[in-house]
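Inside the fold
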Amino acid sequence: MTTYKEFHKRSIEDRDGFWKEQSALIDWHKAPEQICDYSRPPFVKWFKGGETNLCYNAVDRHAAKRPDDKALIYISTETNEEVVYSFAQLQREVERMAAIYQDLGVKKGDRVLIYMPMIAEAAFAMLACARIGAIHSVVFGGFASGSLATRIDDAKPVLMVSSDAGMRNGKAVPYKHLVDEACNIAEFPPRNVLIIDRGLDKGFPKVEGRDVDYATLRAKHMDAQVPVTWVESSEPSYILYTSGTTGKPKGVQRDTGGYAVALAASMKHIFMGDAGETMFSTSDIGWVVGHSYIVYGPLLAGVATIMYEGTPLRPDAGVWWSIVEKYKVSVMFSAPTAVRVLKKQDPAFLKKYDLSSLKHLFLAGEPLDETSHEWIMSELGIPVIDNYWQTETGWPILAICRGVEDSKIKLGSPAFPVYGYDLRLFREDGSEAGANEKGIVGIVPPLPPGCLSTVWGQDERFVSTYFSTFADPVIYSSSDWGIRDDNGYYTILGRMDDVINVAGHRLGTREIEEAVQAHPAIAEVAVVGVADSLKGQMPMAFAVVKDAATVDTEEKRVALEKDVMKKVDSMLGAIARPGRVHFIAGLPKTRSGKLLRRSIQALAEGRDPGDLTTIEDPTALEQIRTVLGV
Ligand code: ATP
Ligand code: MG
């Protein structure tokens with residue numbers, strides 16, 4: 001048994017040997033000629049000359065061996081539907097969708113924009129692209145027409161796949177008119193729009209000659225057999241725009257072979273999901289977690305995946321756990337935000353169901369504070385594994401790889417660099433930071449398999465955005481700030497743009513948030529730096545309490561504010577004490593659960609909060625305006 005340290009070391013020092021071994025986790029139509037071609041830095045081509053297909057590896061090869069095993073489990077608590085597709089059934093549905101695409105003239109290399117709710121057809125639509133070598137661009141089905149139009153013009157799709165409506169909290173959310181608006185605004189609208197009519201928005205408008213109906217075309221292609229199109233390893237499989245938390249989204253371009261190998265390896269070494277088991281990722285297909293760990297990752301490993309349309313709280317806060325019980329979920333993936341939401345609910349919901357099938361819970365997307373980490377781990381009685389990554393990388397950068405070695409979990413830390421990543425912390429001058437020293441989280445290129453190949457259509461932007469922090473050394477910059485302890489455990493301190501500078505001391509938003517969150521009355525908090533004439537910047541906290549009764553009078557509010565400040569003083573020192581702790585009912589977040597710290601900061605400094613198209617609950621910003629009196 002190799003230790004994790006040795007495993008990681010080999011992945012860097014014997015890069016080709018290591019990844020050649022991992023590449024055996026997928027099937028190749030033609031074996032790669034070269035493992036890593038890094039002749040044009042910082043661009044890298046993995047498994048050059050190899051030919052494979054993502055859909056074949058995710059569906060066909062399992063359908064051939066285990067046709068009746070569960071592959072895709074669609075659950076909607078919005079429409080009260082539940083449909084289980086076996087691998088054989090999934091393959092047939094994907095072939096039907098692929099035949100429809102071919103009918104509509106979609107060819108290899110063409111883009112297909114998928115703007116869909118969380119329904120099974122969304123997965124068919126993605127896999128059908130992979131099957132015929134078309135490139136999908138999934139746009140989160142909550143974006144307004146303007147954001148959709150920008151993404152249409154960037155990807156220039158020949159086809160859009162959408163639906164009449166999505167459902168949220170029991171209400172239909174019409175999509176089709178947004179599609180029409182976006183197509184009107186866009187300079188390069190698609191030739192066709194394929195509509196999956198769920199009957200939720202009766203009488204939605206149809207555009208003659210452009211719009212086509214899925215059910216009608218599916219009926220025509222019931223017996224379709226569409227052979228897979230083999231593609232060269234570095235040919236693009238999809239474009240996915242980053243979440244846009246910090247501004248203009250970037251079109252991440254993903255390859256085919258490297259991504260397949262990276263995901264298959266991660267299912268083994270990080271997520272520990274075996275063929276025949278079930279994985280439940282609570283994300284959305286519009287985000288990277290949805291691409292990697294709702295659709296491709298589990299299916300590549302022969303693991304059944306759950307596609308869940310609904311919220312974590314309807315019909316009640318036990319809904320996720322009822323799914324875990326019913327489908328004997330063994331691997332679950334969610335976000336820290338969800339844990340903090342659950343913390344505000346009755347913990348009895350966690351005890352109501354038989355969760356004995358669950359082996360691990362993985363959390364990513366935002367810093368996981370120690371208090372929440374400890375709470376969820378003791379409630380569930382299983383290891384809860386924080387993992388840090390980005391849309392750009394497609395799979396974890398920092399995590400505990402328990403599939404390799406049973407390393408100890410450190411609360412509040414995503415642990416170690418994942419194999420394949422030569423990760424280091426850098427000072428502002430490009431030199432390497434030592435243990436217990438804050439630094440920029442950087443990766444020495446080449447980036448491992450699975451990471452972005454470039455920014456779609458903008459090689460220049462790929463280099464300038466990610467590889468231009470220092471002239472020397474050239475590193476991939478994550479734009480995040482972190483620290484490493486004496487035992488090699490990393491902690492992410494926040495985004496570099498969010499760093500708070502108080503009288504010359506640089507503090508990560510996360511450090512102060514961690515301290516505020518350690519107060520037993522607090523469920524969630526966002527801390528931002530606000531310009532201050534004396535100190536440069538002053539931290540300001542916006543907190544949500546677990547129980548509204550703790551702040552229901554002015555007196556209680558003042559007392560709790562003081563108490564929270566005391567907590568920060570004791571944990572970090574008075575230098576980090578927030579100038580104010582405001583109590584509000586909810587924090588502004590993106591629809592993927594990320595805090596919009598920059599918008600809060602803008603409001604606190606009397607500026608425009610910026611692009612808010614992905615905001616979950618606009619009233620949260622209104623509350624902040626109210627407490628600030630702006
Ligand atoms: P944009 O780049 O468009 O502003 P975004 O960075 O929010 O959007 P994502 O790629 O979805 O888009 O998010 C990645 C970022 O999320 C990371 O760079 C980091 O700031 C944060 N993050 C993800 N996982 C963790 C984690 N486990 N701990 C701390 N932060 C995390
Ligand atoms: Mg980012």
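Residues numbered from 1 in each chain as written. Chains lettered and ligands numbered in written order. Predicted model: local features only at pLDDT ≥ 70, side-chain atom pairs only at ≥ 80, totals over all residues. Heavy atoms only, no water.

Turning next to the UniProt feature "domain: AMP-binding enzyme C-terminal" (unreviewed entry) in the chain. As recorded in UniProt, the sites labelled "domain: AMP-binding enzyme C-terminal" (unreviewed entry) are residues 511-594. For residues 511-594, the end-to-end C-alpha separation is 17 Å, with 31% helix and 30% strand making up the annotated structure. (UniProt positions renumbered as here; feature names shortened; annotations may be inferred. Helix = DSSP H or I, 4+ residues; strand = E, 2+ residues; numbered from the N terminus.)

We now examine the pattern of salt bridges. Per the counting criterion, the structure on display carries 46 salt bridges. With a closest N to O distance of 2.8 Å, Asp552 and Lys556 form a salt bridge. On the accessibility criterion, Lys556 (36% relative accessible area) is partly exposed. In this structure, Glu622 engages Arg625 in a salt bridge whose closest nitrogen and oxygen atoms are separated by 2.7 Å. In this pair, Glu622 and Arg625 are both assigned in helix H19 (residues 619-628), three residues apart and thus about one turn of the helix distant. A relative accessible area of 26% means that Arg625 is categorised as partly exposed. The network of salt bridges with shared partners includes Lys176, Asp180, Arg210 and Asp211. (Salt bridge = Lys/Arg side-chain N within 4 Å of Asp/Glu carboxyl O. Buried < 20%, exposed > 50% of the residue type's maximum accessible area, 1.4 Å probe, protein only.)

Before going further, it helps to spend a moment on the packing of helix H16 (residues 509-517) against helix H17 (residues 554-572). Put simply, H16 and H17 touch, their axes get as near as 8 Å, and they point 120° apart. In terms of orientation, H16 lies oblique with respect to H17. Read as a crossing pair, H16 and H17 show a hand that is right-handed. Between H16, through Glu511, Ile512, Ala515 and Val516, and H17, the contact on the second element is made entirely by Val564, Lys567, Val568, Met571 and Leu572. Tallied by class, residues from the contact of H16 with H17 come to seven nonpolar, no polar and two charged. (Axes fitted to C-alpha atoms, helices over the stretch in contact; angles between N-to-C directions. Parallel < 35°, antiparallel > 145°, perpendicular 65-115°, else oblique. Left-handed = near helix turned anticlockwise from the far one by under 90°. Contact = heavy atoms within 4.5 Å. Nonpolar A, V, L, I, M, F, W, Y, C, P; charged D, E, K, R; others polar.)

Considered domain by domain, the chain is made up of domain 1 (47-240 + 248-407), domain 2 (421-488) and domain 3 (497-628). Taking only C-alpha atoms, the centre of domain 2 and the centre of domain 3 are 28 Å apart. (Domains from an automatic or database assignment.)

Low-confidence regions, as indicated by low pLDDT, have predicted coordinates that should not be scrutinised in detail. Chain-level statistics for the chain give a pLDDT mean of 95 and a share of 99% at 70 or above. Model confidence for the complex: the whole-complex pTM is 0.96, and ipTM, which rates the interface, is 0.99. (pLDDT = per-residue confidence, 0-100.)

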